[in-house]
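# Examining the three-dimensional arrangement
Spelled out, the chains give:
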Amino acid sequence: MSMSCTPAIRTEGLTKRFGDVLALDHLDLTVERGEVFGFLGPNGAGKTSTIRLLLHLIHPSAGRAWVLGVPVDDVARAHQHLGYVAGDVALWPQLTGLEALHLLGRLSGGVDQAYLDELLLRLDLDPSRRIRTLSKGNRQKVALVAGLMHRPDVLLLDEPTAGLDPLMEAEFQQIVREAAARGQTVFLSSHILDEVEDICTRVAILRSGRLVEVATLDALRQRDVAVFEIVMDGPVPSFSDVPGVVAEQRVDGAVRVSVHGSPQPLLAELGRRPVVSLRSREPDLEEVFLGFYGVKDRR
Ligand SMILES: Nc1ncnc2c1ncn2[C@@H]1O[C@H](COP(=O)(O)OP(=O)(O)OP(=O)(O)O)[C@@H](O)[C@H]1O
């Protein structure tokens, strides 16, 4: 198979157990080259475990994975293609940002100095300060620059915008778009759809170690989900046990119910109650997404 049609990332039955905990359950995933791929799921869904498996920092209980056709356990070759940014950054506190970047650059090799300078400027990072004196957001920027500066073919980003302010998040998204336009692949994990929906071509939704869905954002938007806003006379009951109801939210005096598929069971339930008004509308993406999480996982 030629390099140009080899997927950026492929996993086959990838599984990870920690004792009794099944962190990842037979993940089959293909990410094409040049994609910005959102990897979404609530806390504990298995996102970080997947990324650590791709880096071969932890070893699978079953299954296999490849980066640009290279088996991930061939670490020396696979890591030539990979960049990685973790959400909880632990860098050397005594070094300045620049010292850390130079050290990491020598380790990974192939740093594009002009690009490094551009990133420092765009992310508004002062590289002369010691890392221990930096705020969480600024430490995160050092990690982002470190992950990006050698222009890896495949970037694994684990909740990379934790601690960034909205302005910097927008700049980061622009940098990611440009990386993808150059042909780099970006694998971006998050538990917040909002963070990824503007930049991702496709998203996968993971829940309790299982892949629930892989879809383009357009397809996700067209899911068969409707939202009903109901005002009732008197106390509003919970509809979460009604078949088809995937999410429920209280908003002063009204209840907002997301329904997947036929609304018939909800309408039958409402027929027995003192409904003052009922409006239905298209869901926003967050509501579709919450539908996949399921009512019982809502915080
Ligand atoms: N080293 C470990 N030992 C034991 N259990 C672990 C270990 N690492 C992860 N787990 C468990 O595996 C499951 C998946 O965790 P993982 O960190 O991959 O989820 P996540 O989707 O990245 O969550 P978060 O958004 O909170 O980072 C969780 O139940 C977690 O407690």
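Everything below is about the structure printed above this text.
Residues numbered from 1 in each chain as written. Predicted model: local features only at pLDDT ≥ 70, side-chain atom pairs only at ≥ 80, totals over all residues. Heavy atoms only, no water.

### Some words on the sheet that holds strand S6 (residues 82-85)
Strand order in the open sheet made by the six strands is S6-S7-S8-S3-S9-S10, with mixed pairing throughout. Taken across any chain shown, the strands that pair with only one partner, and hence form the sheet edges, are S6 and strand S10 (210-216). Direction aside, neighbouring strands of the sheet carry axes that sit 15 degrees apart on average. As paired strands, strand S9 (residues 202-207) and S10 are joined by six bridges and run antiparallel to one another. Note on S10: the bridge partner recorded for Arg207 is Arg210. (Pairing = 2+ DSSP bridges. Helix = DSSP H or I, 4+ residues; strand = E, 2+ residues; numbered from the N terminus. Axes fitted to C-alpha atoms, helices over the stretch in contact; angles between N-to-C directions.)

### Things to note about helix H4 (residues 113-122)
Within H4 the residues assigned to the buried category are Tyr115, Leu116, Leu119, Leu120 and Arg122. Taking the backbone nitrogen of Ala114 as reference, a side-chain oxygen 3.2 Å away marks Asp112 as the first, capping residue of H4. The positive-phi residue at the C-terminal boundary of H4 is Asp124, with phi of around 55 degrees. (Buried < 20%, exposed > 50% of the residue type's maximum accessible area, 1.4 Å probe, protein only. Polar contact = N/O pair within 3.5 Å; in protein donor to acceptor, adjacent residues only side chain to side chain.)

### Comments concerning the pattern of salt bridges
Inspection of the entire model under this criterion finds 15 salt bridges. For the salt bridge of Glu178 with Arg122, the shortest nitrogen-to-oxygen distance reads 2.8 Å. Separated by 56 residues along the polypeptide, Glu178 in helix H6 (residues 166-181) and Arg122 in helix H4 bring together distant segments of the chain. What makes Glu178 partly exposed here is its relative accessible area of 25%. Salt-bridge contacts for Glu248 lead to Arg250; the nearest nitrogen and oxygen are separated by 3.8 Å. (Salt bridge = Lys/Arg side-chain N within 4 Å of Asp/Glu carboxyl O.)

### Section: the packing of aromatic side chains
Throughout the structure, instances matching the rule amount to two aromatic pairs. Seen in terms of ring centroids, Phe39 and Phe187 are 4.8 Å apart; in terms of plane orientation they differ by 35 degrees. Their pairing is tilted. Of this pair, Phe39 sits in strand S3 (residues 36-40) while Phe187 sits in strand S8 (residues 185-190), and the two are 148 residues apart along the sequence. As far as the burial class goes, Phe39 and Phe187 line up, both buried. Three or more aromatic residues joined by ring pairs form one cluster here, namely Phe37, Phe39 and Phe187. (Phe/Tyr/Trp six-rings, centres within 6.5 Å; stacked < 30°, edge-to-face > 60°.)

### Structural notes on unusual backbone geometry
Both trends apply: most residues other than glycine have a negative phi, and most peptide bonds are in trans. Positive phi outside glycine occurs at Arg151, with the angle close to 45 degrees. Mapped onto the elements, Arg151 comes out in the loop between helix H5 (136-148) and strand S7 (154-158). Of note in this structure, Glu159 is not a glycine but carries a positive phi near 45 degrees.

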